[in-house]
Structures are given as structure tokens and as C-alpha cells.
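Here are the chains, one letter per residue:
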Amino acid sequence: CFFSFVECAERQLNPFETCLVVADIKRGDNAICLAISPKMKALGVKNRCRINDIPKGIEYIDAKPRMKKYIKYAADIYDIYLDYIAPEDIHVYSIDEAFIDITSYLKTYKMSPKEFAKFLINEIENRIHIPATAGIGTNLFLAKVALDITAKKSADHIGFLTEGLYKATLWNHKPLSDFWGIAKG
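Residues numbered from 1 in each chain as written. Predicted model: local features only at pLDDT ≥ 70, side-chain atom pairs only at ≥ 80, totals over all residues. Heavy atoms only, no water.

### Side note on helix 3 (residues 67–82)
Heads up, the rule is: The helix count covers DSSP runs of H or I at least four residues long, the strand count covers runs of E at least two residues long, and both are numbered beginning at the N terminus. What a helix should span is 1.5 Å times the count of its residues minus one. Only protein chains enter the calculation, and the probe is 1.4 Å; a residue is then buried if its accessible area is under 20% of its type maximum, exposed if over 50%, and partly exposed in between. The directions considered for the arc run from the helix axis to the C-beta atoms. We call two residues in contact whenever any of their non-hydrogen atoms come within 4.5 Å of each other.
An ideal rise of 1.5 Å per residue puts 22 Å on 16 residues; helix 3 measures up with 22 Å between its terminal C-alpha atoms. Residues of helix 3 that are buried: Y70, Y73, A74, I77, I80 and Y81. The arc that holds every buried residue of helix 3, seen down its axis, measures 110°, which confines them to one face. On its buried face, helix 3 sits against helix 1 (2–10), strand 1 (20–22), strand 4 (90–94), strand 5 (97–100) and helix 5 (113–128).

Shown next as C-alpha cells:
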């Protein structure tokens, strides 16, 4: 949803209440939506659908993709991280995701992992008006799964997994394609 968050922020709209599609509609009804707002997802529209897959009764704002703008926002978020974390502890994964090793910072900031994640989420929201989520895990895989699966269902948008919690809650999860990098095949 990152691109849709940026487009909503630029328009001073709440992405959880606004139907917005990031797509170049000049390419026709078969154009791919690069992102849709959470409100669209709540209405059953699938991310990365085509324009003609959006049900006819849903009215939405169309936003032409602006990659330079999204890169600027991503850089602004990275700058927020740098206010609190050394660059060697930040591992950028994609335009809208980074792995951050916060282990050595918890004592300094006198926070738990969840408190520190919430602090960073609030900094991003307050400074650049983009909602954020976080996944906390004892390794990279668990952090990513916590982000992708459990954070979405959490009221505070923070997911947390240890090996034990993973086994207790997600060991038999289906479909496996929900997990990081596992394709349907």
C-alpha cells in the first residue's frame, strides 16, 4: 500500500477511509494497479489487479504513478531511522521495507522492542503522515512473517514472533504463499 499511502498523504486524505488506486488509467481498462488503498482492500479489491477488475460500483480516486515521489518518501523514512539508528544496523529490503537490528538500542532508549517499534511508527506518522507497520522477530524470517501476517491483524500494527510463537500459531498456516517468497507452485 506504500504508493497509495504517499498519494493519500499528498492529498491530505486518510488511506483507511479513501478509495484510491495508483495506476496509469491512460493505458486503458487493462492497466495494472500498482497499489490500492486499504479502504479498497476492505471492499474486496485485490492489490495489483487490473482497472477492469475493480467492481463497477466502487468510486475511487486514480493517481498516476510517481516513482520519484515514492523514492523521496522512502528516503525521508530512512532519514527518520538515521535519527535513532546507525546505518550499519539498517538493511533496506525494498522501497517500503527495511530490516533494523534494534538489539543494542533497547538499553539506550530504555524501551522494549514493541515500544521502540511503536516509537518509530509514530515518528513516521507524525513527520511525513504515512502509516507504518512493524514486524518483530528473533531472526529475519520471523520478523518478515510477523510484518506480513500478524501485524496486519494487530490493533497497533505491530507483529511479534519467536520460534515458539511461530510453531504455536503459524506452523500449520495455509496457504504457504502467504509467506515470504513462497510461490503457489
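### Considerations on the packing of aromatic side chains
Basically, it comes down to this: We call Phe, Tyr and Trp rings a pair once their centres come within 6.5 Å, taking the six-membered ring for Trp, and we label the pair stacked below 30 degrees between planes, edge-to-face above 60, and tilted otherwise.
Taken as a whole, this structure holds 11 aromatic pairs when the rule is applied. On the basis of an interplanar angle of 15° and a centroid distance of 6.4 Å, the ring pair of Y105 and Y109 is categorised as stacked. Of the two residues, Y105 and Y109 are both situated in helix 4 (residues 105–109); the distance of four residues between them amounts to about one turn of the helix. One aromatic cluster in this structure is built from Y84, Y105, Y109, F116 and F119.

### Concerning the environment of D62
By secondary structure assignment, the location of D62 is in strand 3 (residues 61–63). Excluding residues that lie within four positions of it along the chain, D62 makes contacts with R11, V21 and I25.

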